[in-house]
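Below are the chains, spelled out letter by letter.
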Amino acid sequence: MKIISKQDFDAFINALIQDESLDVEGVKAKGDKFVFGPLDSATELRLDYDVTILPPKKYYLPQYETMMHFDISTGKATAPAMDTKKVIVGVHPYDLIAIQQMDKYFFDTNVDDIYLQKRKNSLLIGVMPAKASEKAFYGDLMKDAGTPELHFDLMITDLGVLYAILPGTPEGAELLQRATSRDAQPQEIEAAKNKRQEAIDRATRGLKVGPKAWHSLLSNNYMSSVWKEMSDQCLACGSCTLVCPTCFCYDVNDEVGLDLNTGVRTRTWDGCLLRDFTKVAPGEIFREDIVERYRHRINRKGKYLPDAMGFVACVGCGRCSSACIPDIADPVNLINKLAEATMDTIPDANVGHVPEKSDLGIVASDSLYIPRTATIRRMMKLTKTETFFEIGLDDGQPLGHVPGQFVEVSIYGVGEAPISVSSPPGGNTFQIIVRNVGDLTNKLHSLSEGDKIGIRGPFGTGFDTEDMKGKNILFIGGGLGIVPMRSLIKYVLNNRADYGKVMILYGCKDPSELLFKDEIAQWENTPGVEMHRTVDTCAEGESWDGQVGVITTIMPMVTFDPLNTIAVVVGPPIMYRFVNRDLLNMGMPEENIIVSLERRMKCGVGKCGHCQINGIYVCKEGPVFNYKDIKDEPEAFQ
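These notes cover the structure that comes with them. (Residues numbered from 1 in each chain as written. Predicted model: local features only at pLDDT ≥ 70, side-chain atom pairs only at ≥ 80, totals over all residues. Heavy atoms only, no water.)

**Re the sheet that holds strand β15 (residues 406-411)**
Think of a sheet as strands paired side by side through backbone hydrogen bonds, with each pair either parallel or antiparallel.
Moving on, step 1. In spatial order, the strands read β16-β15-β18-β13-β14-β17; together these six strands make up an open sheet with antiparallel pairing. Strand pairing shows two members of the sheet lacking a second neighbour, β16 (415-420) and β17 (429-435), which therefore form its edges. Shown here is a sheet whose adjacent strand axes are inclined to one another by a mean of 40°, direction ignored.
Moving on, step 2. Where β15 meets strand β18 (residues 452-459), four bridges bridge the pair, whose relative direction is antiparallel. Paired with Ser-410 across the bridge in β18 is Gly-454.
Moving on, step 3. Packed onto the sheet, helix α14 (residues 482-494) meets β14 (386-393), β16 and β17 and runs at close to 155° relative to β17. (Pairing = 2+ DSSP bridges. Helix = DSSP H or I, 4+ residues; strand = E, 2+ residues; numbered from the N terminus. Axes fitted to C-alpha atoms, helices over the stretch in contact; angles between N-to-C directions. Contact = heavy atoms within 4.5 Å.)

Quick look at the structure:
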């Protein structure tokens with residue numbers, strides 16, 4: 001630990017500001033509030049603040065961020081240039097904890113290279129709080145944390161006429177060499193320790209349940225009347241998520257320049273309180289009711305992220321309750337209300353709210369977000385709304401998918417959307433079937449053979465073709481569910497000796513929506529394959545030789561050994577409840593039912609948050625699931 005006079009500290013900050021290789025930002029006054037912003041002089045810096053309006057997460061996940069530059073004429077995209085190295089001065093410990101949580105989130109499984117570059121390109125100078133805001137309760141959370149190992153480059157503690165500064169990294173120690181300082185005396189080290197404890201002690205508000213018990217409390221109160229009581233007052237404005245340092249969700253959009261040829265793909269903050277957050281292209285909205293969205297926000301922090309990452313995603317800064325007009329976002333009030341309604345003892349879970357110290361030495365693979373250039377090799381109209389596309393990657397490589405996976409299809413200037421792969425593995429091209437239901441799909445339908453698009457993926461978990469070997473397979477597809485199912489059907493038929501009896505049940509709204517008519521005719525005439533078709537309605541005079549009725553009406557037409565049969569079910573949300581019910585009534589074990597679910601898989605890599613089913617990211621852990629593993633998730637079969 002080093003000691004520096006406040007005069008020398010100001011000189012240190014001014015020297016950093018004058019260094020053209022550094023972009024120095026810190027806490028400044030804005031009226032009677034405080035914000036992080038560029039520093040022109042050390043005199044602007046306010047280390048005596050209580051809380052900033054926005055957290056320093058804005059430096060690593062900016063409100064508006066360029067993810068790539070693209071050229072529509074060439075179909076190519078490039079990553080943005082790196083900014084000047086940042087020094088961020090005055091970060092409170094609770095915000096340092098939030099940044100560590102962001103690190104764990106964005107470095108998990110698929111390392112977000114854009115985020116990683118920003119983290120590596122910055123230095124964090126923390127400060128112990130001199131005062132606590134009215135809504136702060138980080139002291140209540142710290143009681144369970146002991147002495148957490150925080151990730152900072154330098155940490156400042158105000159000792160009155162002096163600052164104590166503790167280096168936390170070699171980079172921080174090197175930076176501090178620019179300042180005039182001396183080694184701390186034992187009494188100064190003790191004084192700094194006492195100041196840290198004082199800062200924690202003053203930020204308490206009587207939270208009745210510590211973070212380790214939030215998981216059990218929320219699990220036991222999923223259907224509590226408290227959610228409706230609170231959410232009835234919610235304006236669904238999303239302010240609580242925008243100011244929260246541990247809300248990481250974002251949206252992605254394309255913007256075209258004035259030349260109409262070049263542009264940028266950007267990501268911007270988004271929030272699960274907003275109604276369209278889960279809206280998919282056909283118009284369905286998962287969690288449409290405000291009570292579902294309100295509950296999801298709190299469960300994500302106290303249950304879902306602890307399950308996935310081991311930490312409670314709340315750091316007690318109090319920003320959400322300060323920003324909430326009806327005052328129903330405050331975690332202290334909500335958790336205490338749930339605790340009051342819970343008579344049983346609430347057990348602790350093996351979670352806290354402080355992840356391990358961040359490892360910035362990790363290396364990201366190729367960009368998660370830059371698509372590979374691809375060419376439309378073949379197009380064919382299937383119905384009035386569906387078109388078949390055969391696509392080849394311009395690098396000549398196979399897609400490398402397994403049945404059930406999806407790709408993110410890009411059209412620069414329009415955007416990106418998840419599309420299921422409909423062809424079996426193998427070959428240097430792959431096939432997708434696209435329904436014209438939105439801006440991107442409409443543009444895709446207007447393209448021609450030879451046109452360029454972008455492809456990311458394949459993503460997600462596909463069907464376990466190895467586990468299915470030796471079993472009978474019952475395919476039950478409704479509407480567009482036949483599209484991803486076709487990939488598995490063709491794979492099974494291409495490897496016919498590995499599988500038992502094949503039964504295919506396919507239903508759609510009316511005969512005009514039937515897909516793959518020629519292939520269906522082939523399947524019907526393939527030995528060992530039993531095929532049944534149905535439509536919900538058939539107008540008088542329409543040509544149709546199949547059944548009429550919803551798909552459950554043709555399920556009794558097939559006979560099978562439920563213990564030696566795998567049911568693959570893909571279709572619209574409402575179909576699952578009835579089909580799965582009938583399969584279970586027919587004696588099929590839960591673990592023999594495989595489903596593929598649709599959600600708004602915006603990023604494809606488990607980062608943007610749109611596709612969550614309770615705590616499950618469909619794009620990463622799905623879209624293919626075993627029914628047994630997901631049946632108890634309340635949002636799975638809405």
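The discussion continues.
**Structural notes on the pattern of salt bridges**
Moving on, step 1. Enumeration according to the criterion identifies 43 salt bridges in this entry.
Moving on, step 2. Close ionic contact of Arg-182 with Glu-188 constitutes a salt bridge, the shortest N to O distance being 2.6 Å.
Moving on, step 3. You can call Arg-182 partly exposed: its relative accessible area is 36%.
Moving on, step 4. Using a relative accessible area of 12% as the deciding quantity, one classes Glu-188 as buried.
Moving on, step 5. Of the charged contacts in the structure, one is a salt bridge between Arg-581 and Asp-582, with a shortest N-O distance of 2.9 Å.
Moving on, step 6. On the basis of relative accessible area, Arg-581 is assigned to the partly exposed category, the value being 41%. (Salt bridge = Lys/Arg side-chain N within 4 Å of Asp/Glu carboxyl O. Buried < 20%, exposed > 50% of the residue type's maximum accessible area, 1.4 Å probe, protein only.)

**Section: helix α16 (residues 573-585)**
Moving on, step 1. Buried within α16 we find Pro-573, Met-575, Tyr-576, Val-579, Asn-580, Asp-582 and Leu-583.
Moving on, step 2. Buried positions along α16 lie against β19 (472-478), β23 (565-570), β24 (593-596) and α18 (627-630).
Moving on, step 3. Where α16 ends, the next residue or the one after it, Gly-587, has phi of about 95°, a positive value.

Purely geometric numbers; function is a separate question.
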